[in-house]
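One-letter residues, chain by chain:
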Amino acid sequence: MADTVLYEVNDGLATITLNRPEAMNALNVATKVALRDAVRAAADDDAVRAVLLTAAGDRAFCVGQDLKEHIGLLAEGSGQVMSTVKEHYNPVVRALTEMAKPVVAGVNGVAAGAGFGFALAADYRVVADTAAFNTSFAGVALTADSGVSWTLPRVIGPGRATDLLLFPRSIAAQEAYELGIANRIVPSAELRAEAEKVARELAAGPTVAYAAIKEAVAFGFSHSLAETLEKEDELQTRAGASEDHGIAVQAFVNKEKPKYLGR
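A brief look at the structure comes next. (Residues numbered from 1 in each chain as written. Predicted model: local features only at pLDDT ≥ 70, side-chain atom pairs only at ≥ 80, totals over all residues. Heavy atoms only, no water.)

**Some details on the overall build of the chain**
At step 1: Secondary structure summary: the chain contains 11 helices and 10 strands in total.
At step 2: In terms of overall dimensions, the chain is globule-like: its C-alpha atoms have a radius of gyration of 19 Å, near the 18 Å expected for 263 residues.
At step 3: Over its C-alpha atoms, taken along the principal directions, the chain stretches across nearly 65 × 40 × 35 Å.
At step 4: Burial status across the chain gives 44% buried among its 263 residues.
At step 5: In the chain, the proportion of contacts linking residues at least 24 apart, taken out of those at least 6 apart, comes to 68%.
At step 6: The averaged location of the 33 negative side-chain charges in the chain is 1 Å from the averaged location of its 25 positive side-chain charges. (Helix = DSSP H or I, 4+ residues; strand = E, 2+ residues; numbered from the N terminus. Rg over C-alpha atoms; globule rule 2.2 N^0.38 Å. Buried < 20%, exposed > 50% of the residue type's maximum accessible area, 1.4 Å probe, protein only. Contact = heavy atoms within 4.5 Å. Lys, Arg positive; Asp, Glu negative; His and termini not counted. Charge placed at Lys NZ, Arg CZ, Asp CG, Glu CD.)

Here it is as structure tokens:
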């Protein structure tokens, strides 16, 4: 895996760190390939019970496509220019949203374009008070990618999402919190520790139940109430049969804190 993306697994938590702080963690081809592979590895590893996606430095989480590389590829007439959506962005977003374990984004700075998209693909966003978000796409004559046309309307509503896509602007941390983009705001110096704390709490939790919650929320957005109730029944049956449910019930009776196994 390229050193532009760091990957570490410890006590059930996979930490994926974008590591190009000198370029504001912009996405060149090597970084996109490494990020895709890291996210897929975390999704497929049964030892991983939660994922923390964050970035090095304090200026940027990820400013999206590396435009310097992009300009060069355009000049060469390279077929890689727009195939990156299918080859890199789409697999990253699908792995983040579909993996059967919770994903926390620790947003340490600017998240723009695909960087915004990757943050939105996480289940929970811990955001530094100095961070900001920007859709950016229309500003370079492009449409939304990295799942933003799917995730952003679900987070803030279609009207506001369309506004931010047609008229890109910087959304400061406090406004992001008010819109529902940020789940928690912390001082910049505390971002990494707080994001890791949240992710570790999830990594020690009932993994089967968390996976069912992710699936239920995604399903409910595109199905009727009747279909969603059927899905809830299916998922609750699955969660109820998990070892962790038995552990939780027994711990409740014994007035103890449950120690989940993630299965």
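**Brief notes about the packing of helix α9 (residues 207-220) against helix α10 (residues 225-240)**
At step 1: Look at α9 against α10: their axes get within 10 Å of each other, and the N-to-C directions meet at 170°. Comparing the axis directions of α9 and α10 gives the class roughly antiparallel. From α9, Val208, Ala212, Glu215, Ala216, Phe219 and Gly220 reach across to α10, where they touch Glu227, Thr228, Lys231, Glu234, Leu235, Arg238 and Ala239.
At step 2: When the residues that make up the contact of α9 with α10 are grouped by side-chain class, the tally is six nonpolar, two polar and five charged. (Axes fitted to C-alpha atoms, helices over the stretch in contact; angles between N-to-C directions. Parallel < 35°, antiparallel > 145°, perpendicular 65-115°, else oblique. Nonpolar A, V, L, I, M, F, W, Y, C, P; charged D, E, K, R; others polar.)

**Some details on the packing of helix α5 (residues 148-156) against helix α6 (residues 158-166)**
At step 1: The contact between α5 and α6 brings their axes to 7 Å, and the two run at 130°. When the axes of α5 and α6 are compared, the pair comes out oblique. For α5 against α6, the interelement crossing comes out right-handed. Counting all contacts with α5, which are made through Val148, Leu152, Pro153 and Ile156, the residues of α6 involved are Pro158, Arg160, Ala161, Leu164 and Leu165.
At step 2: Residues of the contact of α5 with α6, tallied by class, amount to eight nonpolar, no polar and one charged. (Left-handed = near helix turned anticlockwise from the far one by under 90°.)

**Structural notes on the side chain of histidine 88**
At step 1: For histidine 88, the position within the fold is in helix α3 (residues 80-98).
At step 2: Engagement of the side chain of histidine 88 in a polar contact is seen with the side chain of threonine 84, the distance being 2.7 Å.
At step 3: Sequence-distant contacts of histidine 88, defined by excluding residues within four places in its chain, comprise Lys32, Val33 and Arg36. (Polar contact = N/O pair within 3.5 Å; in protein donor to acceptor, adjacent residues only side chain to side chain.)

**Considerations on the sheet that holds strand β1 (residues 5-10)**
At step 1: Here six strands make up an open sheet; going across it, the order is β1-β2-β3-β5-β7-β10 and the pairing mixed. Two strands close off the open sheet at either side, each with one partner strand: β1 and β10 (184-186). Looking at each pair of strands side by side, their axes are set apart by 20° on average, direction ignored.
At step 2: Strand direction decides the pairing type here: strand β5 (residues 103-107) and strand β7 (residues 124-128), joined by four bridges, are parallel. Bridge pairing in β7 places valine 104 opposite tyrosine 124. (Pairing = 2+ DSSP bridges.)

**Here we look at the packing of aromatic side chains**
At step 1: Enumeration according to the criterion identifies two aromatic pairs in this entry.
At step 2: Summarising the aromatic geometry, the rings of tyrosine 89 and phenylalanine 118 are spaced 5.9 Å apart at their centres and angled 75° between planes, so their arrangement reads as edge-to-face. With tyrosine 89 in helix α3 and phenylalanine 118 in helix α4 (residues 114-121), this pair connects stretches of sequence that are 29 residues apart.
At step 3: Ring centres of phenylalanine 116 and phenylalanine 133 lie 5.2 Å apart, and the angle between their planes is 45°; this geometry places the pair in the tilted category. Of this pair, phenylalanine 116 sits in helix α4 while phenylalanine 133 sits in strand β8 (residues 132-134), and the two are 17 residues apart along the sequence. (Phe/Tyr/Trp six-rings, centres within 6.5 Å; stacked < 30°, edge-to-face > 60°.)

**So, the pattern of salt bridges**
A side chain with one charge may pair with a side chain of the opposite charge, provided their charged atoms come close.
At step 1: As enumerated under the stated definition, the model contains 12 salt bridges in all.
At step 2: A salt bridge links aspartate 37 to arginine 36; its shortest N-O distance comes to 3.3 Å.
At step 3: One salt-bridge network, in which partners are shared between bridges, spans Glu215, Lys231, Glu234 and Arg238. (Salt bridge = Lys/Arg side-chain N within 4 Å of Asp/Glu carboxyl O.)

**Quick notes on the pairing of β1**
At step 1: As paired elements, β1 and strand β2 (residues 13-18) share six bridges and run antiparallel to each other. Looking across to β2, one finds that leucine 6 is bridged to threonine 17.
At step 2: Count of turn residues in the β1/β2 antiparallel hairpin: two residues, of which aspartate 11 carries a positive phi of about 50°.

**Regarding the environment of glutamate 234**
At step 1: Among the structural elements, glutamate 234 can be located in helix α10.
At step 2: Residues glutamate 234 and serine 224, spaced 10 residues apart in sequence, show a C-alpha to C-alpha distance of 15 Å.

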